[in-house]
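One letter stands for each residue in the lines below.
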Amino acid sequence: MTLPELMQYLSNEPNLLRFLCELAAVEVLCHPHPRRHGKALHVLLLLLTVAASQAAIYLLVDSDNASTALEAPICLAFTLLYLALTRKTDGGHIFYYASWAYFVAELVTQTFIPLQTQVLRLTSETVPGLCLSLLYYAVLVAGVACCVYRFLLPAVRYSQTAPIPKGRLALHGMMMVLFTVLANYQVIFWLLGENNQLNSNMITVYRWVVCAVCIFVLLLQNSLETLQRTEMELALSRQLWLLQKEQYELSQENIDLINRKCHDLKHQMEAIRQLKDEVEIDRQLEEMEHAVLIYDSAMKTGNRALDIVLTEKSLQCEGRHINMTCMADGSQLDFLDKIDLYTMFGNALDNAIEAVSKLEDRAQRVIQVAVYTEKALLMIRVRNYCQGKVSLEDGLPATSKSNKQDHGIGLKSIRSTAEKYGGDIAIQSTDHIFSLQILIPLPQGEALEQAE
């Protein structure tokens, strides 16, 4: 292809711009998903896909008989092929992100077709003119990538481990079919009642409006699903809070009862030891005393609610051969509601117990709990060993479980409780170490005391 022919192609055909914008959009949207190949092979596949798509359009599309409606589906097909070759993800995620890129590319193409024609006509059929044309494409594609990252990605991002709902994929497919049909020239002429001499700008405006409506419908569906999911999580968190309130009250009664019984049993064993001095009786009494001491090891931190949850979890740890250590000044927690405190520590320790219980090496079955103040912040830290490094999504651990929707409810409940007091949580995961830190601002009076 000669330079004049290349300039003619760039100025008259929007397909290259459409496909480059589509690829830029999917690269941004699929960024969290790992690549199948190294960067060099990835770039090579990108270039080959661009060349193959344009060759297919050149061979299959005949503009003389108004078959240009095939251009967008051809670009979409090559986008799907490109994602399948370069990304380690399932077909649902590939189709989901490719459909968003499809509409983004169409919206950009219909917006800049008039500007593209005018700008490229001003460039001379020389090497500087070609460079200016390519610069125009590069700036536009870079702008698309930035806009997708800034505005679209936060709204449509979906967990890379969670499957895309079938209803959402079905609506995306319906919108794509609808747009492809309505964007056909014959349909446009039939709807508008015009002939083939219809002003091309009117066709562009028509296609832009249809594409914008499709994007609006998809964003509306996404917002409604997000709102519904948030409401479900709030309802589940509320239900969890009520259950934990009942559990707290029950735990308080049980531990008080256990402590009283243990106290009585110790005195009874001491009386037996004074009466009998036989070796076998001593041995049995020592075993009984050891068992009783397990239940008599109630935590004494200075906060009643914290003592209850730590004692309860320490009993669970004892039964699972887990070593739980605690350094806590419970008096710093008095400003927290006792149920909120029970919820945070209960969920955090439940997650830690579940994690370390999976470890075969009992030496690693260790949980460290620390409560302290630093400047004007209350710091609650729970650390434990884990199997390898835990990957995070949106600040929470990812999961491989089948029930994706209910995963992380405990941590979300902790975050919600911390936010209630103006705080937040921070999760760090290094090799074999998982750390949950809850940061809550101290009340003004206590903060001043800490500063002094």
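The rules behind these values
- Residues numbered from 1 in each chain as written.
- Predicted model: local features only at pLDDT ≥ 70, side-chain atom pairs only at ≥ 80, totals over all residues.
- Heavy atoms only, no water.
- Helix = DSSP H or I, 4+ residues; strand = E, 2+ residues; numbered from the N terminus.
- Pairing = 2+ DSSP bridges.
- Right-handed = clockwise from strand over helix to strand, strands pointing away.

Caption draft 1: How the structure looks around the environment of A77. In this fold, A77 is placed in helix α4 (residues 71-86). In the structure, A77 is positioned 24 residues away from S53 in sequence and 8.7 Å away in space, judged by C-alpha atoms.

Caption draft 2: Examining the pairing of strand β2 (residues 366-374) more closely. Note that strand β1 (residues 323-328) and β2 share six bridges and pair parallel. Looking across to β2, one finds that T325 is bridged to Q368. This β-α-β element, β1 to helix α12 (residues 338-357) to β2, shows left-handed connectivity. Pairing analysis gives eight bridges linking β2 to strand β3 (residues 377-385), with the strands arranged antiparallel. Note that in β3 the partner of I367 across the bridge is N384. Here β2 folds back onto β3, and the loop between the two strands holds two residues, one of which, K375, carries a positive phi near 60°.

Caption draft 3: How the structure looks around unusual backbone geometry. Of note in this structure, H321 is not a glycine but carries a positive phi near 60°. Backbone geometry places K375, a non-glycine residue, at a positive phi of 60°. With respect to the helices, strands and loops of the structure, K375 is situated in the loop between β2 and β3.

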